[in-house]
Each structure stands twice: as C-alpha cells, then as structure tokens.
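An overview of the molecular structure
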Amino acid sequence: MSRFLVNHLSAMSRLCRVTVLRPLLTPSTTQVRFQTTDIKHRDRLIQKELGIARYVGMKTVYSADIETCTVVPNHTPLPVYQVLDNEGCVHDTDQLSLSNQEVLDIYKQMVTLTLMDKLLYDAQRHGRISFYMACTGEEAIHFGSSAGLSHEDMVYAQYREAGVLMYRGFSPEECMNQCTGNVLDLGKARQMPVHYGSRKLNYQHISSPLGTQIPQAPGTAYAFKLQGANKCVCVFFGDGSASEGDCHAAMNFATTLQCPVLFFCRNNGYAISTPATEQYAGDGIAMRAIGYGMEAVRVDGNDLFAVYNAVKHYRERAVTENAPFLIEAMTYRVGHHSTSDDWKAYRYENEVHELGLNSCPVKRVKLFLIKQGLWTSEEDEDFIQQTRSTLIQTLEKAERQPKPGLDSLFTDVYDKIPSNLIDQRNEITNHIRKYPNEYPKHYQ
Ligand SMILES: Cc1ncc(C[n+]2csc(CCOP(=O)(O)OP(=O)(O)O)c2C)c(N)n1
Ligand SMILES: [Mg+2]
C-alpha cells in the first residue's frame, strides 16, 4: 500500500468521531457508560498551513498539500460492539445492565414472538391471512432497543419490529386482530397484515412505502425539543431503506436542528433480494453519520445486551443533549423477506446457517439463562408448548371475530363525508346488493 494511502487511511480514521466507542465501566454499579473520543486531529494533519480559510459554516486552514485536503474511504470497517457471544457467554460481566428477572421476562417475550411468527407465517400459507413478514433472527434488536427506551418515547418502525410493540404491552391477540383484519383491529382492517400501530403505546402506524417514517421522526423529535418534553424518538429502518432519499433528508434535518432522535438501522444484509454488497459501497450505514455531523455506533444486533446498552446510553444523551444519534445493528434476515418472497432464489442455504441460524439471538439468551441457573431446558420446553397452544387458540379466536363493515371504508378521513364519497358508497352498496353471492357476508 502506498504511503499516500496509508497516511490517508489513518487520517480518515482519526477524522471519524464515529469510530471510537469504548465502554467505560463504573465498578460501583453495573451501569455501562460510553465515552466518545473526539481526537483533535487537524493540527497534525495540516503540514503546510497557509492561513485561515473562512466560509459560511466552516473555519479551517489552507494547505498547499493536496494530500492533507483529501479524504479517502476508510477500509478498516468500524468494529461491532458485542457483550454476549453465540454460546451465551458474556465478555465482561460489568456490562450486564439488565437484571436477571428482566432478562428472563424478555426471553419469554422473544420466544413468544418467534412462535407467533411461525404460526402466522404458516397461517398465510394455509390461506387464513393474506400476507405476513417474520422477523426471525432480529428479536434482540426489538427487545434490546425497546428496553433501552422509555415507554413515553415515540417509535416509528418500518414493519419488521413487532417485538418493540410487544415489549410495550401490545399482546399477540392484538397482533392477530390486525393480521386477520377483524373488527377489533385498531387500524380498522384498512392495512395489510403486520402494519401495526398503537396511539396508546406511542407507536406510529406502519406505512408500506419505504423510508417515509424516517423524516417524520426528526419532525416529532423537534416538537419534543420545543416542548421541553424530555423524551426522544426512535426510528427503525432497514439497510435498504437507508438508500431512500428520505433517509438523507431526515438525518440532515435532525443534525441541523439538533433533534433528540435515534436513527436505528437494522442492517440484516438484504433488501428483499438485494444484498448489502449491492446496496452500498462504503462501510455500512454507521459511517454515514460523519457526513451529517452525528455520532454513531455499530452493535451486534443479535446480542440483546449490546443493543440494550447502546440504546440506553444514546437515549439518555439524545434527551439530555437534544442531539441525534445513529445506531447500526448488524444482523441477518433468516426468513424470506415476506410471504411473497422465496430466498432460495438468491442465496445459499449455508449462508443462512452461517450468518443467521448459528447466531440466533434467542438461543444466545437461553444459553445465558441456563448458564446462570435461571432457566432449564425442561422449563423451556414446557413454556414453548404452553405458549404455542395459547397462540393457536388466540388466532382461532381472532379469526372468529367479524370483519368491519363496508361503511368503514368511507369514514375517518373527513369530519363530514363529502358528496362524492357518499355517491361512491351508494354505488358500491347497490352493487353488492345486486350480486350478494359474489361478496363476503359482512359487506352486506
Ligand atoms: C418506496 C418503496 N420502494 C420499494 C418498496 C418495495 N419494498 C418493500 S420492502 C423492500 C426492502 C426493504 O429492505 P430493508 O429496508 O433492508 O428492510 P428489511 O426488509 O430487510 O427489513 C422493498 C424494496 C416499497 N415498499 N416502498
Ligand atoms: Mg434489510
């Protein structure tokens, strides 16, 4: 490697505030703090200073050396922060900040989510629901992040984050009411399955068009800042959505307006069939933060404790400093993108085993609990059996509920239904009356 390149790689790595996130351990408590090292690098970089260079929003120096004025991509990828490994061992016990009971409760929820995913996925295959998206392999992201947030914080999710909502108290029954589109669905069956939402739980309803939730997040966060609300926004998005223009607009607004928002990227390696290798040429998503003037961290998304520590830490800072932060959680989408996809068309089974199944976030927590003497394999089997049968009954119950009437198609947008919608309503009602056998009973 040329000296030119070496110089610039090291210069670039110093430029990156993003790179250095070292856990600082406070021995008296099990709390984990992070310290960000912001190295004053410029004096060392500039060899031939020719005077002060002033621009709007920038004050630096001139240099006659093109090397010192050039940045090249950093080819040393940002490390991934990990606390719990694949075997359920903790690297440093001082970094365990959840209590035993909290870990056990979360583990049970993780298992419940896994079982619900399997059940609803199969239900779609049997034609009982129209669509489904599982989150297999990403459970630690959901529960680690939601445990690190306050319930008052606003969540904007993409679609694969059911566990975040579950942690806040949304029951499997509520998920199934939504997926079956029955009268109890909070969204009045107007959305595709998995497009959950809950006003009560500060979880905005999911929108299908990718990336639209990302710029909404700094908007809400800015309102929180103006209100002095002492809360933040957490917005989830995938590695694919990070390529949407909305993501750029969101990060630029958040940093220029200094809004208390956590940008949480679930980097699961794929956007349907597009692998991350074709999605971006740089070092993932975290490094983009530098360009916006924001701090970022890369964590092991399959590690409950790492996700929790990072979110807890940055959540506090977002609220106290009124600042945005970017968290990139590295994971792997184990299942198909959705029930409309077949991953066998674009990836090999050994990759799924190596990068996904071998690093199962739920298994990691189970091994941890067993090692700690907090759970046994027998208890695990019993819990799985009981939960599965409860979930099956819950789905059957949701399916038995009536569907919303046709009338609900025309309500809720306008305070007073306009005449053109009244005409459309009459037209469709007359049409269904004329062909009653062609439509489900609840439309009549
Ligand atoms: C604006 C827009 N473009 C394309 C799509 C189709 N689409 C739905 S999900 C998806 C992939 C998103 O990938 P990623 O953001 O990585 O999330 P993941 O599915 O991996 O969780 C695409 C292209 C869409 N819904 N909206
Ligand atoms: Mg993805």
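Our subject in this report is the structure included herewith. Owing to the predicted nature of the structure, the values given are computational and were not obtained by experimental measurement.

To continue, consider the packing of helix 3 (residues 100–125) against helix 14 (residues 377–400). Relative orientation of the contacting elements helix 3 and helix 14 amounts to 45 degrees, with a least axis distance of 10 Å. When the interaxial angle is binned, helix 3 and helix 14 end up oblique. Considering the relative orientation of helix 3 and helix 14, their crossing is right-handed. The residues of helix 14 that touch helix 3, namely those facing Lys108, Val111, Thr112, Leu115, Met116, Leu119 and Ala123, are Phe383, Ile384, Thr387, Arg388, Leu391, Ile392 and Leu395. Per-class residue counts for the contact of helix 3 with helix 14 are 10 nonpolar, 2 polar and 2 charged.

Let's shift gears to the site of ligand 1. In the neighbourhood of ligand 1, 15 residues make up the surrounding shell, with Leu210, Gly238, Gly240, Ser241 and Ala271 lying closest. In the shell around ligand 1, the residues fall into 5 nonpolar, 6 polar and 4 charged.

So, on to the pairing of strand 10 (residues 295–300). Strand 10 sits mainly inside the fold: 6 of its 6 residues count as buried. Here strand 10 shows no split at all, with Glu295, Val297 and Val299 on one side and Ala296, Arg298 and Asp300 on the other all buried. Bridge analysis of strand 10 against strand 11 (residues 325–330) gives 6 bridges, and the strand direction is parallel. Residue pairing in the sheet places Val299 in a bridge with Ala329 of strand 11.

What follows is about the nonpolar core. Grouped together as the largest cluster of nonpolar side chains are 92 residues, with contacts concentrated most on Val233, Val235, Val261, Leu262, Val307 and Ile327. With residues up to four places along the chain from it excluded, the contact list for Val261 reads Ala217, Pro218, Ala221, Cys232, Val233, Val235, Ala254, Ala318 and Pro324.

Procedures and definitions
Residues numbered from 1 in each chain as written. Chains lettered and ligands numbered in written order. Predicted model: local features only at pLDDT ≥ 70, side-chain atom pairs only at ≥ 80, totals over all residues. Axes fitted to C-alpha atoms, helices over the stretch in contact; angles between N-to-C directions. Helix = DSSP H or I, 4+ residues; strand = E, 2+ residues; numbered from the N terminus. Parallel < 35°, antiparallel > 145°, perpendicular 65-115°, else oblique. Left-handed = near helix turned anticlockwise from the far one by under 90°. Contact = placed C-beta atoms within 7 Å. Nonpolar A, V, L, I, M, F, W, Y, C, P; charged D, E, K, R; others polar. Near = placed C-beta within 6 Å. Buried ≥ 20, exposed ≤ 12 C-beta atoms within 10 Å, placed from the backbone. Pairing = 2+ DSSP bridges. Core = buried A, V, L, I, M, F, W, Y, C linked by C-beta atoms within 7 Å.

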